[in-house]
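Coordinate analysis (summary)
Now for the letters of each chain:
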Amino acid sequence: MTQQLQDVRRLEAEFADAMNRMYAVGNGLARMRASLEMGEVTVAPPAPAAASMSSPAPSTAPIGMPVEAPGPAPVPAAPPVPEAVPSWWQREGAVTRVLAVAGAVVTLVGIAMLLALAMQQGWFVPELRVALGVLLAVALVATGHVVRARETSRGRSSAAPVALAATGYAAGYLDVVAVTTVYGWVPQVAGLVLAGAVAVTGLLLARRWNSQLLAVLTVLGATLLAPVVTEKFGDEVSLFVVILSAAALLARGDRGWPMLAVARTMPSTGLILLGIAVAEGDGAPSRIAIGAAAALTGLALVGAVSAGRHNRADLIGSATLAAATISLLVAFGVHGDTLRTTGFALIAVAFAVALAVTSRAPIGPVPTTLATTIGAISGVSALLAVMSGAPERWVVTGILITALGYAAAAVTTRSRVTLWVAAGTTVVASVAYLTHPAAYVELGMARDHDATTALLDSLLAGGIAALGAWGVDVVRGIPVRVRRLTRIGALIAGLATSAVAVISIGLLVGKALEATSAGFLAGHALATVLWMVTSAWLLLRGLQAEAHRALSLRLGLGLAAVSVAKLFLFDLATLDGLWRVVAFIVTGLLLLASGTAYAKALDRTRPPAATA
């Protein structure tokens, strides 16, 4: 048994030695892999196996569980290297597009120089020059077709076909200029028809190729060519650019082609405005320009709605609509009062209807930016209608009625956009209304002021403040802080308008009794008392309404401070005699009564004391 036990111990030692050698080899491989990952050149050699052989594991060590040497520390993963952004000339197709556009421009300049040189030197007869120009234009467009077909068959595309076709259409426009302006073979209207036909074919080709660049170049070329063909700015050019804008809209509907929307609207707006300026300079403003501007505005609105439904982040549509509307406002603005006021009012109504239609299905809702633009145009047009058509005495009243109407619309529709439009018109109305309180600072100014309109405007302004606060409460999505500030602003506006109304009533009664000065003083005294009564009501309401307690108390105390300040800073210097005494006594009694009532109400709101 002794020999067999020794053999078993020897085998255990050999097995442990073999396991140690295997672990040593594994640790060496791990170190080598870590060194390679770190990019090191030298690698630490694995532990020598002899060391394991010279130190066999003790017989008490478990079989197959040798002590492992500590491995290498984990290597942190290298951070990802950001991909380098290529320069513009390294981007795919960039060089091709630059060369194509440059080649098109240079070629077009060369064609123009060739035509001019042919005319100077008398080369060929005019008919042959025009025929060669037409052939060149057709050849360039046909070459663009051929190049595109080859690129499509090989599975690639570039800007070369578009540049060739655009150069061909530009050459066609030069031929139109030659037959109308240079040689006078066709009338100007016929020349515009020819230019329109060339542009339409270019737009159809751009739609077929799905090329915004070709459509933009075609529309810009025809638009800028129009005044060259007619040799003036006027009704013919205005109608032509509108028709061209309609053709461009039908080609794509502005969906995904924002630059086409700019190309078909902005230059056309400029040409219409130039035509209006020329006609106004001649002393005969054209009514055809009104129709052209209205059509261009309608096309811009349709295109903006189409683009907005395709892309909610679109801003081009709003910009083009605003630009086109400027031409329409100017077209009405150069006429007499009746037509100008009627036109502004019609624009306001039309855009108010457009806002209502585009704010809900099936057409809307359109993006907020576009809806805000439509509403702003309606509000501005309404204000212009009031300021241009209302008698001077009722201008402020008309502005206030406009703001009141938009505030009522905001409450009814519960639309945020309508609420912002109402806010904008309210700001304008507030500035206009300031003429009334400014006139009541001094007796001489108040005596000459129209107290009747001041009273009516104060009632309207108070209604605007109330509807504004109501609208902010019922419209969704308004921040809580904005709601709170609106309520405070509405309260301040209500106090100011009520004071003006009371003073106006005092002036009217005083004028009727032939005591204007007494009516003015009585009005100011009653206004101070009214503010103090309102302060007391706010303080008592603050104890009853738990939800608005802090706000009501602050407003009540603030209004009491304002009332006392007015009493000492204004009434003391302005009022005299009995009215000064009345103002001070009544205000003081109200302060005392408010404090007493507030203390009693506060005691009632406290919980009863616990009995022992």
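A quick note: this is a predicted structure, and the numbers were derived from the prediction, not measured.

1. Some thoughts on the overall build of the protein chain
- Scanning the protein chain from terminus to terminus reveals 22 helices and zero strands.
- For the protein chain, the proportion of its 612 residues judged to be buried stands at 39%.
- For the protein chain, the proportion of contacts with a sequence separation of at least 24, taken over those separated by at least 6, is 71%.
- Carbon and sulfur atoms provide 69% of the accessible area of the protein chain, an area that totals close to 32,900 Å².

2. Side note on the pattern of salt bridges
- Evaluated as defined, the whole model comprises four salt bridges.
- Linking Arg340 and Asp337 is a salt bridge whose minimum nitrogen-to-oxygen distance equals 2.2 Å. Remark: Asp337 and Arg340 occur in helix 12 (residues 337-358); sequence separation between them is three residues, near one turn of the helix.
- Classification of Arg340 as buried rests on a relative accessible area of 18%.
- The salt bridge partner of Arg487 is Asp473, with a shortest N-O separation of 3.0 Å. With Arg487 in helix 19 (residues 480-512) and Asp473 in helix 18 (residues 451-474), this residue pair connects regions lying 14 residues apart in the sequence.

3. Focus on the nonpolar core
- Within the largest apolar cluster, 64 residues are counted, with the highest numbers of intra-cluster contacts made by Leu214, Phe240, Ile272, Leu321 and Ile374.
- When near neighbours in sequence (up to four residues on either side) are disregarded, Phe240 contacts Leu192, Ala195, Gly196, Ala222 and Ala226.
- Val386, Val396, Ala451 and Phe520 belong to the second largest nonpolar core, which has 22 residues in total.

4. Re the side chain of Asp314
- Here Asp314 shows up in the loop between helix 10 (288-310) and helix 11 (316-333).
- Arg264 is the oppositely charged side chain nearest to the buried, salt-bridge-free Asp314, at an N-O distance of 9.8 Å.
- Reaching out from Asp314, the side chain makes a polar contact with the backbone nitrogen of Gly317 at a distance of 2.9 Å.

5. Notes on helix 4 (residues 126-153)
- In a regular helix each residue adds 1.5 Å, so 28 residues correspond to 40 Å; helix 4 covers 41 Å between its end C-alpha atoms and thus fits that length.
- Positioned one or two residues after helix 4, Gly155 has a phi angle of 75 degrees, which is positive.

6. Observations regarding the packing of helix 12 against helix 13 (residues 368-389)
- With their axes 8 Å apart at the nearest point, helix 12 and helix 13 run at an angle of 155 degrees to one another. Taken together, the axis directions place helix 12 and helix 13 in an arrangement best described as roughly antiparallel. In this structure, helix 12 crosses over helix 13, and the sense of that crossing is left-handed. Across the interface between the two elements, Arg340, Thr341, Phe344, Ala345, Ile347, Ala348, Phe351, Ala352, Ala354, Leu355 and Thr358 from helix 12 touch Ala371, Ile374, Gly375, Ile377, Ser378, Ser381, Ala382, Leu384, Ala385, Ser388 and Gly389 from helix 13.

7. Quick notes on a nonpolar patch on the surface
- Side chains of Leu578, Val581, Val582, Ile585, Leu589 and Leu592 sit close together on the surface and give an oily, nonpolar patch of about 570 Å² of accessible area.
- In this fold, Leu592 is placed in helix 22 (residues 578-605).

8. Some words on unusual backbone geometry
- Residue Ala361 is joined to Pro362 through a cis peptide bond whose omega torsion reads 5 degrees.
- Structurally, the position occupied by Pro362 is in the loop between helix 12 and helix 13.
- The phi dihedral of Asn210 is positive, around 55 degrees, even though this residue is not glycine.
- Looking at the element boundaries, Asn210 is found in the loop between helix 6 (188-209) and helix 7 (212-230).

9. Here we look at the side chain of Ser388
- Relative to the helices and strands, Ser388 is located in helix 13.
- At 3.2 Å, the side chain of Ser388 and the side chain of Thr341 are in polar contact.
- Within the local environment of Ser388, its side chain forms a polar contact with the backbone oxygen of Ala385, the two atoms lying 3.3 Å apart.
- Sequence-distant contacts of Ser388, defined by excluding residues within four places in its chain, comprise Arg340, Thr341 and Phe344.

10. Quick notes on the confidence of the model for the protein chain
- Looking at the protein chain as a whole, its pLDDT mean stands at 79, while 77% of the residues score no less than 70.
- When mean pLDDT is taken per element in the protein chain, helix 11 scores highest with 94 and helix 2 (residues 49-54) scores lowest with 43.
- The low-confidence segment residues 40-44, where pLDDT is below 50, has four contacts with residues more than four positions distant or belonging to other chains.
- Segment residues 47-69 is flagged for pLDDT under 50; beyond a separation of four residues in sequence, or across chains, it makes 19 contacts in the model.

11. Notes on the environment of Ala423
- Along the chain, Ala423 turns up in helix 15 (residues 416-433).
- Owing to a relative accessible area of 33%, Ala423 belongs among the partly exposed residues under this scheme.
- Here the alpha-carbon distance between Ala423 and Ile464, two residues 41 residues apart in the chain, equals 9.8 Å.

12. Observations concerning helix 18
- Over its 24 residues, helix 18 extends 35 Å from the first C-alpha to the last, a length consistent with the 34 Å expected when each residue adds 1.5 Å.
- Of the residues flanking the start of helix 18, the one acting as N-cap is Asp450, its side-chain oxygen 3.2 Å from the backbone nitrogen of Thr452.

13. What to know about the packing of helix 9 (residues 258-281) against helix 11
- Across the interface, helix 9 lies against helix 11 with an axial gap of 9 Å and an inter-helix angle of 15 degrees. Relative to helix 11, the element helix 9 lies roughly parallel. The handedness of the crossing between helix 9 and helix 11 comes out as left-handed. In this structure, helix 9 contributes Pro258, Ala261, Val262, Thr265, Met266, Thr269, Ile272, Leu273 and Ile276 to the contact, and helix 11 contributes Ile316, Ala319, Thr320, Ala323, Ala324, Ser327, Val330 and Ala331.
- In terms of residue class, the contact of helix 9 with helix 11 is built from 13 nonpolar, four polar and no charged.

Thresholds, definitions, all that
- Residues numbered from 1 in each chain as written.
- Predicted model: local features only at pLDDT ≥ 70, side-chain atom pairs only at ≥ 80, totals over all residues.
- Heavy atoms only, no water.
- Helix = DSSP H or I, 4+ residues; strand = E, 2+ residues; numbered from the N terminus.
- Buried < 20%, exposed > 50% of the residue type's maximum accessible area, 1.4 Å probe, protein only.
- Contact = heavy atoms within 4.5 Å.
- Areas by Shrake-Rupley, 256 points an atom, 1.4 Å probe, with all protein chains shown as cover.
- Salt bridge = Lys/Arg side-chain N within 4 Å of Asp/Glu carboxyl O.
- Core = buried A, V, L, I, M, F, W, Y, C linked by side-chain atoms within 4.5 Å.
- Lys, Arg positive; Asp, Glu negative; His and termini not counted.
- Polar contact = N/O pair within 3.5 Å; in protein donor to acceptor, adjacent residues only side chain to side chain.
- Expected span 1.5 Å × (residues − 1).
- Axes fitted to C-alpha atoms, helices over the stretch in contact; angles between N-to-C directions.
- Parallel < 35°, antiparallel > 145°, perpendicular 65-115°, else oblique.
- Left-handed = near helix turned anticlockwise from the far one by under 90°.
- Patch = residues over 30% accessible without salt bridge, like charges linked within 9 Å, V, L, I, M, F, W, Y side chains within 5 Å.
- pLDDT = per-residue confidence, 0-100.
- Nonpolar A, V, L, I, M, F, W, Y, C, P; charged D, E, K, R; others polar.

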